[in-house]
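Each chain, written out:
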Amino acid sequence: GPPPRQALANVGGPVETRGDPAFCVPLRAALEAAGEAPDLDPRVNLTHGFHAYPARMHPAIARVLLRELAPGVAPRVLDPFCGSGTVLVEAMLAGWRSLGSDLDPLALRLARVKTEIRARPARERFLDRLEQVAEESTRRVRERVDVRADLPAEERRWYEVHTLKELAGLLEVIRAVQDGRDRRALEMVFSAIVVKFSKQHADTAPRETDKRIRKGLPTEFFMRKGIELADRWGALADALPEHWHAPRLVLSDARVLPHTLAGEFRCDLLLGSPPYGGTYDYVHHHARRHAWLGIQPKALREREIGARRNLSSDRRSGQDREAGPSPRARWDRELLAVLESLRELLRPDAPMVFLIGDAELGRERVEADRQLERLAETAELELVAVASQLRNDWRTGVPRREHLVAMRARHRG
C-alpha cells in the first residue's frame, strides 16, 4: 500500500521572510533547497535515510545553513535536539566540529552509527557478520528453535507469535556478536525494521493494524537494511573532506545542557529542531524499539518537551485546572527554559537557528515564530530573522507553517 503519511513531512512552496536581510537570504535558501532535493539516492542521501525518525530535519536545510553561516576555520555547531544525527552528518561534510545531545538514548545510539566512518575492510567485515547473523536467524526459523522474547506482556501483544519469535531469535544472534562496534550497528539495523513487523500502523501512528507477515521476512528485511547501511557508510566515507571531525554525543535534556557539559563549551552556531508543540510523542513512537533494545525511557517520559500527550487538549475540570498550567502556558514554560539554557552556550554574536512548526495545542494553533519572538525577550535573546513555509497537516486538514527562526543573545549590560 501507499507509505504512511507523516505530519509536516512535505516540503516545497513559497517562502516568506522577515527580519535582517543578511539572515533572511540563507534561511530562505535552506527551505528552498529542501524543496528541490528529494535525496532518495544513498549516494546523495548518505546515512540520513537509513532509519525512520519522526520530523527529521531535511539534510539540505542543515547543509545550506552550515555553508552559509560558517564563521571561520573549524567552527563548532551544537544541535541540542540531535535526534538521528542529521546536523552531525552534515557538519562532518562541512568540516565543522559538532556536538549533539538528546534526551532519548535511542537517538544517540542511532546518531553514533550514522556518523561512523568505516573504511572498505571494516564495511566488508560488517557485511560478513550481517550475513552470518541472517543465516543463523534463518536456520532458527526453519528448525523452529524455541526462544523467548524478553519483553513485558503489553509489548508482546504488538506481534504475531511467529514474528515475535523470529525477532527475538534474531536479536539473540545479534547479541552474541563479539565485536562491540558491529554488534551496536546490527542492533540499529534491527531497530530500523522493528516497527514494520509489529502491529503498529506506522512510526507516528501507534495504533494497531493487521499485517500479514510470512516467516523469514523479518530476517530478509534485516539483511537488506544491513546492506543498505554498509552502502550508505561507503557513500559517507567517499564524501568527506580532507579535514573532518567526528561528532561528540551527550545524553541530556536541553534545559540542563550547560550543567551536563560542565565546562567552557561555546558554539559558533546552534542549529536544531525542537519538538513541534503538541505534534509528536517520541516516547510512544519509539516504544517498540526501546523495549527490544532494553532502553529505559523514564527520563524521556517525564521530561520530553512539546509532547502531544501533555499538550493536545485541556479537558481538566475545576480542581485539575488549578493543579497545573494550561497547554499553552506549559509549552511557553518548556520553550522558555530551553532558550534560557541554550543562550549560555553561544559565543558572542553566534546565531541560534531553530527549525520548528506551529504548535497544535488541542484545537488551538500557536504560531511558533511569534511564540519564540515573545519568549526570546525574557530569555535575553533577540529575534534576527524568520523564513516560513506552509505545510500540509493531515491531522487537521488545515495547513500550518514551519519556520526557520534565527535568534542571537542580547548583550548584557
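Above this note sits the structure.
Residues numbered from 1 in each chain as written. Predicted model: local features only at pLDDT ≥ 70, side-chain atom pairs only at ≥ 80, totals over all residues. Heavy atoms only, no water.

**What to know about the sheet that holds strand E3 (residues 97-102)**
Let me state the cut-off plainly: For two strands to pair, DSSP has to find at least two bridges joining them. What counts as a helix is a DSSP run of H or I of at least four residues, what counts as a strand is a run of E of at least two, and both are numbered from the N terminus. Between N-to-C directions, angles cover 0 to 180 degrees, with each direction set by a line fitted to C-alpha atoms, over the stretch in contact for helices. Throughout, a contact is declared for two residues whenever any of their heavy atoms are within 4.5 Å.
A sheet is described by the order of its strands in space; here eight strands give the open sequence E1-E11-E12-E8-E7-E2-E3-E6, paired in mixed fashion. Two strands bound the open sheet, and with one partner strand each, they are strand E1 (16-19) and strand E6 (248-251). With direction set aside, neighbouring strand axes in the sheet form an average angle of 15°. Direction of pairing for strand E8 (residues 351-357) relative to strand E12 (residues 400-409): antiparallel, over a ladder of seven bridges. Note that in E12 the partner of Met 352 across the bridge is Met 407. Across the sheet, helix H3 (residues 59-68) is in contact with strand E2 (76-79), strand E7 (269-272), E8 and E12; its angle to E7 comes to roughly 170°. Helix H4 (residues 86-94) contacts E2, E3, E6 and E7 of the sheet and is inclined by roughly 175° relative to E3.

**Considering the packing of aromatic side chains**
Defined as follows: Only Phe, Tyr and Trp rings take part, Trp by its six-membered ring, and two of them pair if their centres are within 6.5 Å. Stacked means planes under 30 degrees apart, edge-to-face means over 60, and tilted covers everything else. Relative accessibility thresholds used throughout: buried, under 20% of the residue-type maximum; exposed, over 50%; partly exposed, between the two (1.4 Å probe, protein chains only). Remark: a charge is flagged as sitting over a ring if the NZ atom of Lys or the CZ atom of Arg is within 6 Å of the ring centre and within 35 degrees of the ring normal.
A full pass over the atoms with the stated rule returns seven aromatic pairs. Where Tyr 159 meets Trp 292, the ring centres are 5.7 Å apart and the plane angle is 75°; that geometry is what we call edge-to-face. Of this pair, Tyr 159 sits in the loop between helix H7 (153-156) and helix H8 (161-175) while Trp 292 sits in helix H13 (residues 287-293), and the two are 133 residues apart along the sequence. Residue Tyr 159 is classed as buried on the basis of its relative accessible area of 4%. We classify Trp 292 as buried; its relative accessible area is 5%. Aromatic pair Tyr 280 and Tyr 282: ring centres 5.9 Å apart, planes at 45°, arrangement tilted. In this structure, Tyr 280 and Tyr 282 share a single accessibility class: buried. Joined through ring pairs, the aromatic side chains of Tyr 53, Tyr 280 and Tyr 282 make up one cluster. Note that Arg 224 overlies the ring of Phe 221, its terminal NZ or CZ placed 4.6 Å from the centroid.

**Re helix H18 (residues 368-378)**
Convention followed: Our arc is simply the arc of the directions from the helix axis toward the C-beta atoms.
Within the sequence span of H18, burial applies to Ala 368, Asp 369, Gln 371, Leu 372, Leu 375 and Ala 376. Relative to the axis of H18, the buried residues are bounded by an arc of 155° and lie together on one face. Lining the buried residues of H18 we find E1, helix H17 (327-343), E8, strand E10 (364-366), strand E11 (381-391) and E12. After H18 finishes, the residue Glu 380 shows a positive phi value of roughly 60°.

**Thoughts on the pattern of salt bridges**
As a reminder of what qualifies: Put simply, a salt bridge is a Lys or Arg side-chain nitrogen that is within 4 Å of an Asp or Glu carboxyl oxygen.
Overall, the coordinates contain 36 salt bridges when judged by the stated rule. The partner of Arg 289 in a salt bridge is Asp 203, with the nearest N and O atoms 2.7 Å apart. Of the two residues, Arg 289 is situated in helix H13 and Asp 203 in the loop between strand E4 (200-202) and strand E5 (205-208); the sequence distance between them amounts to 86 residues. The two residues Arg 289 and Asp 203 agree in class, both being buried. With its nearest N and O atoms 2.7 Å apart, the salt bridge here joins Arg 232 to Glu 228. Of this pair, Arg 232 and Glu 228 both sit in helix H10 (residues 217-239), four residues apart, which is roughly one turn of the helix. Through salt bridges with shared partners, a single network forms among Arg 18, Glu 367, Asp 369, Arg 370, Glu 373 and Arg 401.

**Quick word on unusual backbone geometry**
The phi angle at Ala 74 is positive, at roughly 45°, despite the residue not being glycine. Locating Ala 74 in the fold gives a position in the loop between H3 and E2. You can call Ala 74 partly exposed: its relative accessible area is 28%. The backbone of Ala 262 shows a phi angle near 45°, a positive value even though the residue is not glycine. Residue placement: Ala 262 occurs in the loop between helix H11 (257-261) and E7.

Shape is all these values report; function is a separate question.
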